[in-house]
Amino acid sequence: KTSLRERAASQGLIYGAAASYQPLRANLEFAQRFAQECAILVPTNELKWQILRPTPDQFDFRRSDWMARFAQKHNMLFRGHTLVWYQALPQWFKETVNRKNAERILTDHITTVVKHYAGNMHSWDVVNEAIAPNGSKDGLRQTPWLRFLGADYIEMAFRTAAAADPQALLVYNDNNLEYDNPKTEAKRSRVLKLLERLKSKRVPIHALGIQSHIGASSQGFNAKKLRSFLKEVASLGLKIFITEMDVLEKNLLELENRDAIIAGVYQDYLSLVLDEPAVNTVITWGLSDRYTWAANFAPRQDGAPVRPLPLDTQLERKLAWNAIALAF
Ligand code: XIL
């Protein structure tokens, strides 16, 4: 058996995962396994405003710089998440940012952060989760950025990022695009509209990121609809990245066969999306069940630890690992 990074590379794909500073720094075995399996590293939280921006006029790059060096040392690509989001904003944001200064604060942030890593960043999630979950004016989510700057904040962010690093791939990233229900379908079409609008205005954007936090109890995917969505995105000249995959088992009951069910979801979903040649990058939101946001975000009702990722808590390969390897 080779590693996921080698399996992916043999198919012309990139595989990697998100990780946090603390375990990479403190758990040597985890760090080694990470470098072995992954060709790309995404800091889970370390490039969000909350951590990068302790005060309105400070940038604290210590943790993300350590991670960038770690990636470089182990011959991994480094990927940035995320420049514009409505969550993970620092305390001072509310008291400080207003209609008058929002443009300067946003463009300063993007310019400083993107320049800091210019030439060393594979890609940036420039804007994360900007589409409303349930439809609204413009189809855009109500966020401070929309309120202060109007719908143009999105293209402003992309143009500012491109000027600061002409090499990094610039990504629009969003969630809840995977399923087969009316809400998801409406969201896919709103995302498509946004991408079309950006492309028609010659905004520098290179890829769509599909988060892919998948519920294990979901009733499966609609292959036809999902494929045609991917095809339409690709026809705009965009690449497609699977950016945050994990399998959430909230309502999954049987402890005995859940690993097989979770592996089945990985295999079904990845083989489906990888049919589309524009999908060339697969990232899981974590590598080991030892370090997963799902423990807090989507715990099991019976209190048993969740198992959403390719490696278990002992860093051993699970059925999910096999499923991903097979899908490549
Ligand atoms: C999550 C992190 O994993 C958590 O540690 C943090 O507490 C909250 O954010 N979509 C995203 C990611 O784009 O930034 C989120 O990450 C998970 C959902």
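In this numbering scheme, every chain counts its residues from 1 along its sequence in written order. Where totals are concerned, whole chains, interfaces and linings use all residues; where local detail is concerned, this predicted model gives features only for residues with pLDDT of at least 70, and gives and counts side-chain atom pairs only at 80 or more.

In the nomenclature of an unreviewed UniProt entry, the chain corresponds to Beta-xylanase from the organism Gloeocapsopsis dulcis AAB1 = 1H9. UniProt positions are given in the numbering used here, feature names are shortened, and annotations may be inferred rather than shown by experiment. Quoted straight from UniProt, the Sequence similarities (unreviewed entry) entry for the chain says "Belongs to the glycosyl hydrolase 10 (cellulase F) family." Looking at the Catalytic activity (unreviewed entry) heading of the UniProt record, one finds this comment for the chain: "Endohydrolysis of (1->4)-beta-D-xylosidic linkages in xylans."

**Describing the overall build of the chain**
Within the chain one finds 14 helices and 9 strands. The quantity called the radius of gyration is restricted to C-alpha atoms. Its globule counterpart is 2.2 Å times the number of residues to the power 0.38. Here the C-alpha atoms of the chain give a radius of gyration of 19 Å, agreeing with the 20 Å that 2.2 N^0.38 yields for 328 residues. Each principal axis of the C-alpha atoms in the chain carries an extent, and together these give about 55 × 45 × 40 Å. Backbone-placed C-beta atoms define the burial measure: a residue is buried with 20 or more other C-beta atoms within 10 Å of its own, exposed with 12 or fewer, and partly exposed in between. Residues classed as buried in the chain amount to 43% of the 328 residues present. In DSSP terms, a helix is any run of H or I states spanning at least four residues, a strand is any run of E spanning at least two, and both are numbered starting from the N terminus.

**Brief notes about the pairing of strand 4 (residues 123-128)**
Within strand 4, 6 of the 6 residues are buried, leaving the element largely enclosed by the surrounding structure. Note on pairing: DSSP must find at least two bridges between two strands before they are called paired. Pairing of strand 3 (residues 77-84) with strand 4, which is carried by 4 bridges, proceeds in the parallel orientation. Following the sheet pairing, glycine 80 is matched in strand 4 by tryptophan 124. Pairing analysis gives 5 bridges linking strand 4 to strand 5 (residues 169-174), with the strands arranged parallel. Looking across to strand 5, one finds that serine 123 is bridged to leucine 169.

**Observations concerning the packing of helix 7 (residues 102-116) against helix 9 (residues 153-164)**
Helix 9 packs onto helix 7 with a crossing angle of 30° between their chain directions and a minimal axis gap of 9 Å. Between helix 7 and helix 9 lies a crossing whose hand is right-handed. In this structure, helix 7 contributes Leu106, Thr107, Ile110, Thr111, Val114 and Lys115 to the contact, and helix 9 contributes Tyr153, Met156, Ala157, Thr160, Ala161 and Ala164. Counted by class, the contact of helix 7 with helix 9 contains 8 nonpolar, 3 polar and 1 charged residues. Angles here are taken between N-to-C directions and fall from 0 to 180 degrees, while the axes themselves are lines fitted to C-alpha atoms, restricted in helices to the stretch in contact. Should the near helix be turned counterclockwise from the far one by less than a right angle, the crossing is left-handed, whereas a clockwise turn marks it as right-handed. Any residue pair is listed as a contact if its two C-beta atoms, each placed from the backbone, are within 7 Å. Any residue that is not Ala, Val, Leu, Ile, Met, Phe, Trp, Tyr, Cys, Pro, Asp, Glu, Lys or Arg is counted as polar, Gly included; the first ten are nonpolar and the last four charged.

**Here we look at the environment of tryptophan 92**
Inspection of the secondary structure assignment puts tryptophan 92 in helix 6 (residues 92-96). In this view, tryptophan 92 contacts Thr55 and Pro56; residues no more than four positions away in its chain are not counted.

**Structural notes on the confidence of the model for the chain**
Mean pLDDT over the chain works out to 96, with 98% of the residues at or above the 70 mark. Here the predicted complex carries an ipTM of 0.99, next to a pTM of 0.97. What pLDDT reports is the predictor's confidence in each residue, on a scale of 0 through 100.

**Remarks on the site of the ligand**
By definition, a residue lies near a molecule or strand when the C-beta atom built from its backbone is within 6 Å of it. In the vicinity of the ligand, the contacting residues are Thr44, Asn45, Asn128, Gln211, Glu244 and Trp293. A per-class count over the shell around the ligand returns 1 nonpolar, 4 polar and 1 charged.

**Some words on unusual backbone geometry**
That bond from histidine 81 to threonine 82 is cis: its omega, 5°, falls within 30 degrees of zero. Along the chain, the position of threonine 82 falls in strand 3. A positive phi angle is found at arginine 202, which is not glycine, with a value near 55°. A positive phi angle is found at serine 212, which is not glycine, with a value near 70°.

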